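# Observations on the model geometry
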Amino acid sequence: MADTSEQITIYIDNVPYHVNRDNNLLAGVLSQKLNLPYFCWHPAMGSVGACRQCAVTQYQDENDTRGRLVMACTTPVSEGMRISLKDTASVDFREQVIAAMMTNHPHDCPVCAEGGECHLQDMTVMTGHSARHYHGSKRTFTNQYLGDLVGHEMNRCITCYRCVRFYKDYAGGNDFDVFGSKNQVYFGRQSDGPLESEFSGNLVEVCPTGVFTNRQFSAHYTRKWDLQSAPSICAHCSVGCNTSIGERYGSVRRVVNRFNDEINGYFLCDRGRFGIGFVNGEQRILTTKGIKQQSPDRLTTLDVAKSLVHFRGKKFIGIGSGRASLEANFYLQQIVGNASFCAGFTAKQMALAAQHNQILEHHHIPSLLEIEQSDFILIVGEDITQSSPRVALSIRQALRNASIEKAASIGIPAWQDSAVRTVGGKTLSPLYSLNCIPTKLDEVSEQVLQISPAMIERCIAVMCQSINPDSEQSEVSTSTAVLNQQQQAFISQLVSSLRQAKKPLILSGWTLQSPSLIAAVNRLVACIKRAIEQQNINACALNVAIFPDEANTTGLLSLLDEQTLSTEQVLSQLEDQQLAGLVILEQDLSALSDTELAMLRERANTIIALEHSDSRVTNLADIVMPVGAISECDGHFVNYQGAVQRFYQVHAPKLPIMDNWRWLDLLRMSVLNAGNHTNSPLVSHDNINSLAHLHDFFRHCCQQWPLDIQVNDASELSARNVARQTHRTSGRTAQTANISVHELKAMQSKNGSKLNNFSFSMEGVGVNQAKDMPFTWAPGWNSNQSINQYQTQVGQALSNKGCNAHLAILNSAQLIPQWPINDAEQLSGAKTPSAAISEDVLVNFVQSRPWYMVDTQASFLPEFALMNKGNCLFISTEIAHANQFTHGQYVKLSYSGYQAITQLGIDEHFNGDFCYGILDGLAKTDTNITVQLSQVTDDEIAKYIEQQKLRAQQLAQSKANILERLKERDQFIPVRMISGGLDDA
């Protein structure tokens, strides 16, 4: 709730209300939960006054009876202001505006994907416009192909300008705009083609009508009120954006943004919005491997016990994952013991984790909301637009702070978006990019320096010396000599800007897999803090954020200690000891080469894999236990800040698919309970049947459980559970009408237990009483704009916001001596390229993965895989001329047994003395390596091109097969009517 000192009193229809003095009249009215229609205004994007829909009558004083019409979105509030929402003049004006908009609208609500959750429908009803008066011809347009993610139906447009304001102004896209001539206004691209922005999916939610649609959702469509929804967390990067996942008939249909003012606000990246499609994919594991079932339709505890009886009491090594929940990783560690637990990290990554832990322990990690308030940003060695796109969107908003401050100096408030952009012009807060490769943020950066990872570390040492002359003396003497004039000028300007900053921010991440780089960032942060204390820098505080590569990597860091194994040590122990084998939890071991993975298979007697999708690990495993994907299970992820966030089961999976921790519980009960520590309370504990039960078990039986929050699902609400469906479903037809018109009983929790506080029906308490909202709806507000009704003030925190616990990061001090930075490369085994032929070229290579390939799970989506056009390698003009390379030329790339045909591209904006690119099949840890480029024959090129064509055809067929299978499965519902774990044996 806003500070009362910021509140003033205004009178709306002679009733006094307290509103925020710094906001506009429309936001003030909506913050009071009053109904006032609008279209062009958006809480995150401010006001432009394009639609004229929010007209109200403003009076001079209590004696004025006539008043004048004003647009609420462009009108500031003032003490004692008097307005009316209900007077005849403004009511008639608003109805006429709608009537004018509807003259060209197709009135195709029954077939529109927005039908039932359309903001235009809500506003039309709100204004009282209920009859057509126009009978002439309607203006029509030709729709564009905008890619496989976003559909286009231009005839529904009401020219609110929200789409172009978001895509171009807010998100920085360059391939979408507004085109117009007289009464013909068109929103789209200059020519057909996929939208290039990684935020294009937000057009679906930003548009108040059905102009832009989710093509995945439209292909397998259902109305909003038939969806079962639950709050969730994005599983595709470490930001932890809040989402709402909707399903029907056991298949996930769509993901929409779930408002969280501190993290994602109103927007998601496309990986978070569309990447969930992997849940329905062909690569999903639907059956067990290596476990004999007594019945093909049922899996029991007895089946597991009999199949694995010969492993009882034997010792296993457990390998966890940053993709798995905090509970599952901790449970696996407790089952196998600390000394037999591996996080799936190489020695190099363990050193990286140790450095990251140091930053988490000693520095404040900002939320995305705090990032947007920064006035100086330095990005070090991370293409944040690809690894964590939602952060890049917040960075773009932070860069506007300078123009907002400039506009404020002449009395223009921040919400007056059009005026701020006019006054601010190209004025931006300083962004400095110290990186290896070009990024999309380069165009808005004050200075960009593209150098090798080793040179980045040297530049940081020089920065420290410039900021605080007493630091880094040993390194600077050698570092300064190797810096060229451009690099020295970059550092000089950066330090000058930093000294003037009040809220500086430094960002980096795991993409380069370099512990020494993160150590350098750590030293830079410490140096800046000392300078702040000595008042050599004007900043009141410094923020720093390191972004790991997976959704729960930060949670995994909290479990590491001096006993934690690296993958190299796992290989060594498998060779030296007689172990029963490995338990691998949602880990594809992408850091291992094919040779190392084959070595793992050869040395391990048995591999038990808990996984939801096919991978090279499951192909090698002796026993595969299918686990639920993000939509099918309960648990917690820990984001890059250390904030612990809950995700809920959206739909019950079909057995034998279960939560990963349920499978681990079966392993503990049936196999591992006498293996590693027979005196542990884990041995005698009964079977665990809910997440709340699991947390109670951890608190009472495990001293190292790092999470101090209560998960007491059944008592979170004093009344009934929260409905997963809007109550408007009472007007629908039977969900199982293809089988029977008689409605089945809603899905029930196993044995009547409360697995979570959400009921599989439309019955239950309203979303306003839930701390985690499964969907947004309010009377008269059926679209996503209904979130306004649940905020303390429009655009601010939710009234009933669920609190995010912050995880205590443990044991980093013990990790440091165990995993020294300088020895990390030796421990992990440095790889070298194949022997070079005399005419071949050796060149350093930095791996760069596009946003749709960064996350393993999302990359399974055919629509994302089709975006990948094959291997590509980018070089500078200087390297091209020196080696007589031409643009589009094919070469063979070789590295440590890895070979690939790749096409060369000459990047005129890149001046590095190395190359970068995308190579399929290269381990993600191979990010800064030396590769060999050699000639390739015409036959090899032809074979590669044919393989790419075949791959594209297979992906297109896979996309069609998935849709056909899902639609066919709809005819055989319900998939399952009991939510929980195994049926009773």
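Residues numbered from 1 in each chain as written. Predicted model: local features only at pLDDT ≥ 70, side-chain atom pairs only at ≥ 80, totals over all residues. Heavy atoms only, no water.

### A look at helix α24 (residues 660–670)
Cut-off, in case you're wondering: Relative accessible area decides the class of each residue, using a 1.4 Å probe on protein chains only: under 20% of the type maximum gives buried, over 50% gives exposed, and in between gives partly exposed. A helix here means a DSSP run of H or I that spans at least four residues, while a strand means a run of E at least two residues long, and both kinds are numbered starting from the N terminus. Only heavy atoms matter for contacts: two residues are in contact if any of them lie within 4.5 Å across the pair.
Among the 11 residues that make up α24, 10 are buried, leaving the element largely enclosed by the rest of the structure. Those residues of α24 lying buried are N660, W661, R662, W663, L664, D665, L666, L667, R668 and S670. Looking at the buried side of α24, the elements it contacts are α8 (301–307), α9 (326–336), β20 (581–585), β21 (606–611), β22 (623–626) and α25 (691–701).

### Considering the sheet that holds strand β14 (residues 341–342)
This is how it is decided: Two strands pair under a simple rule: DSSP has to find at least two bridges between them.
Taken together, five strands build an open sheet; the order of strands is β14-β13-β20-β21-β22 and the sheet is parallel. Where the open sheet ends on each side, the last strands, each with one partner, are β14 and β22. Here four bridges tie strand β13 (residues 316–319) to β20, and the two strands are oriented parallel to one another. Residue I319 lies in a different strand from β20, and its bridge partner there is I584.

### Comments concerning the sheet that holds strand β10 (residues 228–233)
We count it as follows: Axis angles are defined between N-to-C directions and span 0 to 180 degrees, where every axis is a line fitted to C-alpha atoms and, for a helix, only to the segment in contact.
Taken in spatial order, the three strands make up an open sheet running β10-β11-β12, and their pairing is antiparallel. Every other strand in the sheet has two partners, leaving β10 and β12 (251–257) as the edge strands with one partner each. When strand polarity is set aside, the average angle formed by the axes of neighbouring strands in this sheet is 30°. The pairing of strand β11 (residues 242–248) with β12 spans six bridges and is antiparallel. Considered in β12, the bridge of G246 is made with R254.

### Description of the pairing of strand β23 (residues 635–638)
The side-chain alternation of β23 yields two buried faces, one formed by G635 and F637 and the other by H636 and V638. Here β23 folds back onto strand β24 (residues 643–647) in antiparallel fashion, the turn holding four residues, of which G642 has a positive phi close to 100°.

### Some details on the nonpolar core
Our working definition: Remark: nonpolar core denotes a set of buried residues (Ala, Val, Leu, Ile, Met, Phe, Trp, Tyr, Cys) joined through side-chain atoms within 4.5 Å.
Membership of the largest hydrophobic core comes to 143 residues, with the highest contact counts inside it found for L378, I395, L434, I460, I506, L610 and W663. Of the residues forming this core, the biggest block, 10 residues, is contributed by helix α19 (residues 515–533). L378 has contacts with Y432, L434, M463, L494, L505, I506, L507 and L524, leaving out every residue within four places of it along the chain. Of all hydrophobic cores here, the second largest spans 82 residues; its members include I98, C163, A171 and V794.

### Section: the packing of α9 against α24
Keep this limit in mind: In these notes the angle categories are as follows: under 35 degrees is roughly parallel, over 145 is roughly antiparallel, 65 to 115 is roughly perpendicular, and the rest is oblique. In this scheme the crossing of two helices becomes right-handed for a clockwise turn of the near helix relative to the far one and left-handed for an anticlockwise turn of less than a right angle. Residues are grouped as follows: Ala, Val, Leu, Ile, Met, Phe, Trp, Tyr, Cys and Pro are nonpolar; Asp, Glu, Lys and Arg are charged; all remaining types, including Gly, are polar.
Put simply, α9 and α24 touch, their axes get as near as 9 Å, and they point 15° apart. Looking at the two axes, α9 sits roughly parallel to α24. As for the relative orientation of α9 and α24, their crossing is left-handed in sense. For the pair α9 and α24, contact is made by A328, Y331, L332 and I335 and by N660, W661, L664, D665 and R668, respectively. A breakdown of the residues in the contact of α9 with α24 according to their chemical character gives six nonpolar, one polar and two charged.

### Description of the side chain of H651
Selection criterion: Throughout this description, a polar contact denotes any pair of N or O atoms lying within 3.5 Å of each other; where both atoms belong to protein, one of them has to be capable of donating a hydrogen while the other can accept it, and for residues adjacent in sequence the pair is counted only when both atoms sit in side chains.
Looking at the element boundaries, H651 is found in the loop between β24 and α24. Within the local environment of H651, its side chain forms a polar contact with the side chain of S631, the two groups lying 3.1 Å apart. What H651 contacts, discounting residues up to four positions off in sequence, is E247, G250, V252, V279, S631, E632 and F760.

### Describing helix α15 (residues 417–424)
Given 3.6 residues to a turn, an α-helix orients residues that are three or four positions apart in the same direction. We count it as follows: What the arc covers is the set of directions going from the helix axis to the C-beta atoms.
Those residues of α15 that sit buried are D417, V420 and G424. All buried residues of α15 lie within an arc of 65° about the axis, which places them on one face of the element. Those residues of α15 that are buried lie in contact with α4 (162–170) and α14 (401–408). In the stretch just after α15, G425 is the one whose phi turns positive, near 60°.

### Considering the packing of aromatic side chains
Note the following rule: In this scheme Phe, Tyr and Trp rings, the latter by its six-membered ring, pair at centre separations within 6.5 Å, and the angle between planes marks the pair as stacked below 30 degrees, edge-to-face above 60, and tilted otherwise.
Considering all chains together, one arrives at 30 aromatic pairs under this definition. Ring geometry for Y266 versus F267: centroids 6.4 Å apart, planes at 55°, classification tilted. Both residues of the pair, Y266 and F267, belong to the buried class. Aromatic ring contacts, followed pair by pair, group F166, Y170, F259, Y266 and F267 into a single cluster.

### Let's talk about the pattern of salt bridges
As a reminder of what qualifies: A carboxyl oxygen of Asp or Glu within 4 Å of a side-chain nitrogen of Lys or Arg is what we treat as a salt bridge.
For the structure on display, the rule yields 24 salt bridges. A salt bridge links K959 to D148, with the nearest nitrogen and oxygen atoms 3.6 Å apart. Highlighted residues: K959 in helix α30 (residues 938–969) and D148 in the loop between α3 (119–127) and β6 (150–152), separated in sequence by 811 residues. Residue K959 is classed as partly exposed on the basis of its relative accessible area of 30%. Across the salt bridge formed by R662 and D659, the nearest N and O atoms sit 3.2 Å from each other. For the pair R662 and D659, one class covers both residues: buried. What emerges from the salt-bridge pattern is a single network uniting R165, R400, D417 and R421.

### Thoughts on the pairing of β12
Moving residue by residue along a regular strand, the side chains alternate between the two faces of the sheet. Counted residue by residue, β12 has six buried out of seven residues, so it is predominantly covered. Between the antiparallel neighbours β11 and β12 lie two residues, among them Y249 with a positive phi of about 60°.

### Some remarks on the environment of I317
Counting through the fold element by element, I317 comes out in strand β13. If near-sequence neighbours (up to four positions away) are discounted, I317 is found in contact with V336, S340, L565, V570, Q573, L579, G581, L582 and V583.

### Let's talk about the packing of α14 against α15
Running from N to C, α14 and α15 point in directions that differ by 95°, and their axes come no closer than 8 Å. The angle between α14 and α15 places the two elements in the roughly perpendicular class. On α15, the residues that touch S403, I404, K406 and A407 of α14 are V420, V423 and G424.

### Quick look at the confidence of the model for the protein
Operational definition: As a per-residue quantity, pLDDT reports the predictor's confidence and falls between 0 and 100.
Summing up the model confidence of the protein, the mean pLDDT is 86 and the portion of residues at 70 or higher is 86%. Predicted confidence is poor over residues 674–679, with pLDDT under 50, and the contacts of this stretch with residues over four places away or in other chains come to 15 contacts. Low pLDDT, under 50, characterises residues 751–755; the stretch is placed with 13 contacts to residues that sit more than four places away or in other chains.

### A few points about unusual backbone geometry
The step from L655 to P656 runs through a cis peptide bond, and the omega angle for that step is 15°. Position of P656 relative to the elements: it lies in the loop between β24 and α24. You will see that D13, though not glycine, has its phi angle at about 50°, which is positive. Phi at T159 takes a positive value of approximately 50°, unusual for a residue other than glycine. Inspection of the secondary structure puts T159 in the loop between β6 and α4.

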